[in-house]
Amino acid sequence: MEEKVGKLIVIVAPSGTGKSSLMRRLKEEDLLLDESISYTTRPIRPGETDGKDYFFVSQDEFKKMIDNDEFIEWFLVHGDYKGTSKKFVEKKVNKGHNLIFDLDIQGTDAMKKFFPHQAVAIFIKPPSFEVLKQRLEGRGTESKEALSIRLENAKKELERSDDFDHVVVNDDLDRAYEELYGLVKKLIS
Ligand code: ADP
């Protein structure tokens, strides 16, 4: 019997759109979605488990993996590397597992390129740029400079919103969640 190949659900959104809020809810559902486990060079924190929260590796090991072209996407943030392993995703998807990813635009593009048949990208869009600005200001987690960088990036990212497979507008959180949940459920059934 041929095994069913899984789906790779990628959630992508400009910062401040509500991606974390929506993903938190999605992960609580018993939807048969596995989370992708990334590789990182940042030190393990108390309460974290290697192979569950991340695969924790040294900078040397990570750089070797980059040289061997083992990542679908990787990036450097605050001096630490993070990346998604091709092998990890391939193994899961070939076993029929559905994975959910929280990626930026570049990561989403890379995932679609590597897995054109399995990857489905859902773009979460704010109702307007003005609302996005208000939400980011309201969250109060950024300095003034960081906020303006995020808003500049968001403007560029919003221009790409029609390039993805599905768009969900996060107007009202409960409504947007219901739409997203329904969509993901349909995609993996
Ligand atoms: P992201 O992960 O996309 O950066 P967050 O989930 O942190 O965004 O949401 C940004 C801010 O907007 C948070 O303060 C969050 O509570 C708020 N927020 C999210 N969705 C909505 C919504 N539909 N309506 C109003 N506020 C929202």
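As shown above, the structure is provided for reference.
Reference entry: report on the structure contained in this document.

Definitions and cut-offs
- Within every chain, residues take consecutive numbers counted from 1 along the sequence as written.
- Only residues with pLDDT of 70 or above have their local features reported here, since the model is predicted, and side-chain atom pairs are shown and tallied only from 80 upward, although totals for entire chains, interfaces and linings are computed over all residues.
- Side-chain measures were taken over the full set of non-hydrogen atoms in the model, leaving aside hydrogen atoms and water.
- The rule for pairing is simple: two strands pair if DSSP sees at least two bridges between them.
- Secondary structure elements follow DSSP: runs of H or I of four or more residues count as helices, runs of E of two or more count as strands, with numbering from the N terminus.
- What counts as an axis is a line fitted to C-alpha atoms, over the stretch in contact for a helix, and the angles between N-to-C directions run from 0 to 180 degrees.
- We call two residues in contact whenever any of their non-hydrogen atoms come within 4.5 Å of each other.
- For this classification, under 35 degrees means roughly parallel, over 145 means roughly antiparallel, 65 to 115 means roughly perpendicular, and everything else is oblique.
- Helix crossings fall into two classes, left-handed where the near helix is turned counterclockwise from the far one by less than a right angle and right-handed where it is turned clockwise.
- Each residue is assigned to one class: nonpolar for Ala, Val, Leu, Ile, Met, Phe, Trp, Tyr, Cys and Pro, charged for Asp, Glu, Lys and Arg, and polar for all the others, Gly among them.
- Residues are classed as near a molecule or strand on a simple rule: at least one heavy atom within 4 Å of it.
- In protein, a polar contact requires one atom able to donate a hydrogen and another able to accept it; more generally it is a pair of N or O atoms within 3.5 Å, and residues adjacent in sequence count only if both atoms are side-chain atoms.
- Using the Shrake-Rupley algorithm and a 1.4 Å probe, accessible areas are obtained, with residue cover drawn only from the displayed protein chains.
- Points on a 1 Å grid over protein atoms alone make up a cavity when a 1.4 Å probe fits among them but cannot get out, and a pocket when they form an open set with protein on both sides within 12 Å along at least five of seven lines; lining residues each have an atom within 4 Å of a point.
- Pocket occupancy is defined atom-wise: a molecule lies in a cavity or pocket when more than half of its atoms are within 2 Å of its grid points.
- Grid points are joined across faces, edges and corners, and a volume is the space filled by probe spheres set on the points.

**Brief notes about the sheet that holds strand β7 (residues 98-102)**
Strands in a sheet are paired, the pairing made by backbone hydrogen bonds, and the direction either parallel or antiparallel. Ordered in space as β2-β7-β1-β8-β9, the 5 strands form an open sheet in which the pairing is parallel. The sheet is open, and its two edges are formed by β2 (33-35) and β9 (166-169), each paired on a single side. Averaged over all pairs of adjacent strands, the angle between strand axes in this sheet comes to 30°, irrespective of strand direction. In the sheet, strand β1 (residues 8-12) pairs with strand β8 (residues 119-125) via 5 bridges, with the strands oriented parallel. If you follow Ile 9 over to β8, its bridge partner there is Val 120. Along the sheet, helix α4 (residues 105-114) contacts β1, β7 and β8; its crossing angle with β8, the most-contacted strand, is approximately 155°.

**Some points on the packing of helix α1 (residues 19-28) against helix α7 (residues 173-188)**
At their nearest, the axes of α1 and α7 sit 10 Å apart, and the two run at 50° to each other. The angle between α1 and α7 falls in the class oblique. Crossing of α1 against α7: the hand is right-handed. For the pair formed by α1 and α7, the contact residues are Ser 21, Leu 22, Arg 25 and Leu 26 on the first element and Leu 173, Asp 174, Ala 176, Tyr 177, Leu 180, Tyr 181 and Val 184 on the second. A class-by-class count of the residues in the contact of α1 with α7 yields 8 nonpolar, 1 polar and 2 charged.

**Description of the site of the ligand**
Around the ligand sit 14 residues, and of these Gly 16, Ser 20, Ser 21, Arg 139 and Asn 170 come closest. The backbone of Gly 18 places a nitrogen or oxygen atom 2.9 Å from an oxygen atom of the ligand. Within the side chain of Arg 139, a nitrogen or oxygen atom sits 2.8 Å from an oxygen atom of the ligand. In isolation the ligand offers 560 Å² of accessible surface; the protein chains occlude 73% of this area. When each cavity is represented as a set of grid points, the ligand is found to reside in the largest pocket.

**Description of the layout of surface pockets**
Empty space within the largest pocket amounts to approximately 1,700 Å³. For the largest pocket, the lining is made up of 49 residues, of which Lys 19, Ser 20, Phe 75, Asp 102 and Arg 150 are closest to its centre. Breaking the lining of the largest pocket down by element, the ones donating at least two residues are α1, β5 (71-77), β6 (80-85), β7, α5 (129-139) and α6 (144-158). Residues of the lining of the largest pocket, tallied by class, amount to 17 nonpolar, 13 polar and 19 charged.

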